[in-house]
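Remarks on the overall topology
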Amino acid sequence: MPKRLGTATQARTLLMLMALCLAAHQALDLLRRPYGFEPESFRLSALLVLGSMVLAAVLALRGIERERTSLFQKLLERPTRNAKILVAICFALGALAAALAPQWNDERFNLEAAQVLIDHGLGQYLANYGSLSDWLSPHHPPLLATIYGLLFKLSGSSLFAGRLLGLAFFCAAQWMTFALGHELYDERSGLIAAACLPCFPLVIFEAPTALFDMPFLFFFLAALLYFKRTLDRGGYGNAITAALAIGLGGLTRYNMLFIYPILLAMLVRYGKPGAWRDRRVWLAALGPVLVAAPWIAYLALTEVGRMQVQRLASYLLVAFVPEGGPQYVREALLPVLPVHLGMFMVPPLVYGCWISVRQARSNTERRRATSLIFWWIAILLVLTGLTIPHVRYLLPAFPALALAMARGLLNLGPHAGSVYLLALFCSLSSALVYDLLSAFGLVYVFY
């Protein structure tokens, strides 16, 4: 946007663009669903989309010039306290969603694996891990299914209990986002970034679920946070915490390995001279091997290792497989990625990136933070696209996008609240459309 435009005009332009993008988002959301989609759903879908568009237009066309102060600005006066309130509100609302949302296929697989642990004990569970599930056993380590099983031993086999655990990990990931924003920029950026996470439809869908995504997101962000603190403050406590987070993340999903190029970028941008020789840095980087050592030994001694290596090797550089590789990547990411990212999020994200770059020109700390965020997003996008091109594996990049969006919202001053509320409204309305269609059996509950 031209520099001469005031923040009120910039905010109004963003609101109008977001309202238009919501229409494209809803249309793309309907067209991309290949699972059990029935023609009868178009009538209901049209009504829901029309209703959300009318409300979005009302929000977008409101005069915002008269706002001299805003609740959004007042909330930024005490960021740490309000971040805690935000996390508590998200947990309360997420618990309601956890009780009402339909079951996902992957949740069913997790519950079935956890039930084996409940019925036969941990030893039998690990002995038969290779045959537990056609989905779980060939692809993933057992940490989260084991945690769910141990939880169900205490609470009884319950999808709701599993979802509350996943929701708790999401709230912890929100707090890590706040802390990372504080480390990289300031407390206000961290608070807004944490508040922006629910503006992504994928986060709305997955926060209250008994899946691997939210625990993995928490471990990923905790590893980044404590590695950054290791570089800034030293301390073996920070290094050990980073190593534990990376190791536990790797025992949740193998693509935790994608964090290492980001850690390298962080070392380059924030490391002191000679930091690569620091024993605490090496402890944080190599310590995860010790955390995962029992599982590595198990894989080496059983058929599960051979099965997982063969299956995971088939994903390496899938984009370069001559027969169908590029097509598979296109179909897996497009148009699924725009839908789960949120087409309506594109204007504030682009604006946030533009503001971040502009502000970084005159401030060394902001330049380092902005370059790290861009590397963070680019590394995950490239590595995921080349290996496992599914939007769920891009989830660790969403906090970086939220941080970029936060920088843009801060620049809008008292008008940021309108942009944020419209983004949140669009995300919730998108989830509502899908959940209502699922309740009527008109779409298949998948991703």
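Think of each chain on its own: its residues are numbered from 1, step by step along the sequence as written. The predicted nature of this model means local features are confined to residues of pLDDT at least 70 and side-chain atom pairs, given and counted, to a pLDDT of 80 or more, with totals for whole chains, interfaces and linings taken over all residues. To get the side-chain values, all heavy atoms of the structure are used, and hydrogens and water are removed first.

Section: the overall build of the protein
A helix here means a DSSP run of H or I that spans at least four residues, while a strand means a run of E at least two residues long, and both kinds are numbered starting from the N terminus. Tallying secondary structure elements over the protein gives 21 helices and zero strands in all. In the protein, which comprises 447 residues, the proportion classed as buried is 55%. Contact definition: two residues touch when any of their heavy atoms are within 4.5 Å. The long-range share in the protein, meaning contacts at least 24 apart out of those at least 6 apart in sequence, stands at 81%. For every residue, the accessible area (1.4 Å probe, protein chains only) is compared with the maximum for its type, and the residue is labelled buried under 20%, exposed over 50%, or partly exposed between those bounds.

Considering the packing of aromatic side chains
Ring pairs are drawn from Phe, Tyr and Trp, using the six-membered ring of Trp, whenever the two centres fall within 6.5 Å, and their geometry is named by plane angle: stacked under 30 degrees, edge-to-face over 60, tilted for the rest. Scanning the model with the defined rule gives eleven aromatic pairs in all. With a centroid separation of 6.0 Å and an interplanar angle of 50°, the aromatic rings of phenylalanine 216 and phenylalanine 220 are classed as tilted. Within this pair, phenylalanine 216 and its partner phenylalanine 220 are both found in helix 11 (residues 213-233), separated by four residues, close to a single helical turn. With respect to burial, phenylalanine 216 and phenylalanine 220 carry one shared label: buried. Consider the rings of tyrosine 351 and tryptophan 354, whose centres lie 5.9 Å apart with planes at 45°: the pair is tilted. Here tryptophan 354 and tyrosine 351 lie together in helix 18 (residues 346-360), a separation of three residues that amounts to about one turn.

Thoughts on the confidence of the model for the protein
Averaged over the protein, the pLDDT score is 83; the fraction of residues at 70 or greater is 81%. The least confident element of the protein, judged by mean pLDDT, is helix 2 (residues 41-61) at 57; the most confident is helix 12 (residues 236-250) at 96. Residue range residues 34-39 is modelled with pLDDT below 50. Its contacts to residues more than four positions away, or to other chains, number eleven contacts. Every residue in residues 63-69 scores below 50 in pLDDT, and together they form twelve contacts with partners more than four places removed in sequence or on other chains. One number per residue, pLDDT, summarises how confident the predictor is, and it ranges from 0 to 100.

Focus on the environment of tryptophan 276
Here tryptophan 276 shows up in the loop between helix 13 (259-270) and helix 14 (279-301). For tryptophan 276, a relative accessible area of 52% translates into the label exposed. Distance from tryptophan 276 to leucine 231, taken between C-alpha atoms, is 9.8 Å for residues 45 residues apart in sequence. In contact with tryptophan 276, not counting residues within four places along its chain, are Leu267 and Trp282.

Things to note about the packing of helix 14 against helix 15 (residues 303-313)
When two helices pack together, their arrangement is given by the angle between the helix axes and the distance between those axes. The axes are straight lines fitted to the C-alpha atoms, using for helices just the contacting stretch, and the angles between their N-to-C directions are given from 0 to 180°. Their axes nearest at 4 Å, the elements helix 14 and helix 15 cross at an angle of 95°. Between helix 14 and helix 15, the angle falls in the class roughly perpendicular. Between helix 14 and helix 15, the contacting residues are Trp295, Tyr298 and Leu299 on the first element and Val304, Gly305 and Gln308 on the second. Basically, the charged four are Asp, Glu, Lys and Arg, the nonpolar ten are Ala, Val, Leu, Ile, Met, Phe, Trp, Tyr, Cys and Pro, and anything else, Gly included, counts as polar. Counted by class, the contact of helix 14 with helix 15 contains four nonpolar, two polar and no charged residues. Note on angle classes: values under 35 degrees are labelled roughly parallel, values over 145 roughly antiparallel, values of 65 to 115 roughly perpendicular, and the remainder oblique.

Looking at a nonpolar patch on the surface
Candidate patch residues must exceed 30% relative accessible area and have no salt bridge, after which like charges are joined if within 9 Å and Val, Leu, Ile, Met, Phe, Trp or Tyr side chains if within 5 Å. Computed by Shrake-Rupley with a 1.4 Å probe, the accessible areas treat only the displayed protein chains as cover when residues are assessed. By definition here, a salt bridge exists when the distance from a side-chain nitrogen of Lys or Arg to a carboxyl oxygen of Asp or Glu is within 4 Å. On the surface, Ile85, Ile89 and Leu93 cluster together into a nonpolar patch covering about 280 Å² of accessible area. Checked against the element boundaries, isoleucine 85 lands in helix 4 (residues 79-100).

Here's the deal with the nonpolar core
Ranked by size, the top nonpolar core spans 126 residues in total, and within it Phe170, Phe200, Phe220, Leu224, Trp376 and Leu409 carry the most contacts. Broken down by element, the residue count for this core peaks at 14 residues, all from helix 11. In contact with leucine 224, not counting residues within four places along its chain, are Leu180, Ile259, Ile262, Leu263, Met266 and Trp376. Residues grouped as a nonpolar core are buried Ala, Val, Leu, Ile, Met, Phe, Trp, Tyr and Cys residues, joined through side-chain atoms within 4.5 Å.

Here we look at the pattern of salt bridges
A complete count under the given rule lists 14 salt bridges for this structure. Here glutamate 206 and arginine 392 are joined by a salt bridge, their closest N and O atoms 3.1 Å apart. In this pair, glutamate 206 is assigned in helix 10 (residues 201-206) and arginine 392 in the loop between helix 19 (364-386) and helix 20 (398-411), connecting sequence segments 186 residues apart. The pair glutamate 206 / arginine 392 is uniform in exposure class, with both members buried. Where salt bridges share partners, they join Asp106, Glu206, Asp213, Arg253 and Arg392 into one cluster.

Here we look at the environment of leucine 93
Tracing the backbone through its elements, the reader meets leucine 93 in helix 4. In sequence terms leucine 93 and proline 208 are 115 residues apart; their C-alpha atoms lie 9.3 Å from each other.

Considering the state of the cysteines
Pairs of cysteine sulfur atoms within 2.5 Å are what we label disulfides. Summed over all chains, the structure comprises zero disulfides. In this structure cysteine 171 is a free cysteine whose sulfur lies 6.1 Å from that of cysteine 90, the closest cysteine sulfur available. Accessibility expressed as a relative area gives 6% for cysteine 171, which makes it buried.

Observations concerning helix 20
Take the residue count of a helix, subtract one, and multiply by 1.5 Å to get its expected span. Between the first and last C-alpha of helix 20 there are 20 Å, a value that for 14 residues agrees with the 20 Å anticipated at 1.5 Å per step. The buried fraction of helix 20 amounts to 14 of the 14 residues, a majority that puts the element mostly inside the structure. With its phi angle positive at about 60°, glycine 413 sits one or two positions after the end of helix 20.

What about the environment of valine 203?
Note that valine 203 resides in helix 10. Each residue touching valine 203, except ones within four places of it in the same chain, is listed here: Phe170, Leu197, Pro198, Met214, Leu395 and Phe398.

Notes on helix 4
Relative to the 32 Å expected for 22 residues at 1.5 Å per residue, helix 4 spans 31 Å between its end C-alpha atoms, a close match to the ideal helical length. All of the buried residues along helix 4 are Pro79, Asn82, Ala83, Leu86, Val87, Cys90, Gly94, Ala95 and Ala98.

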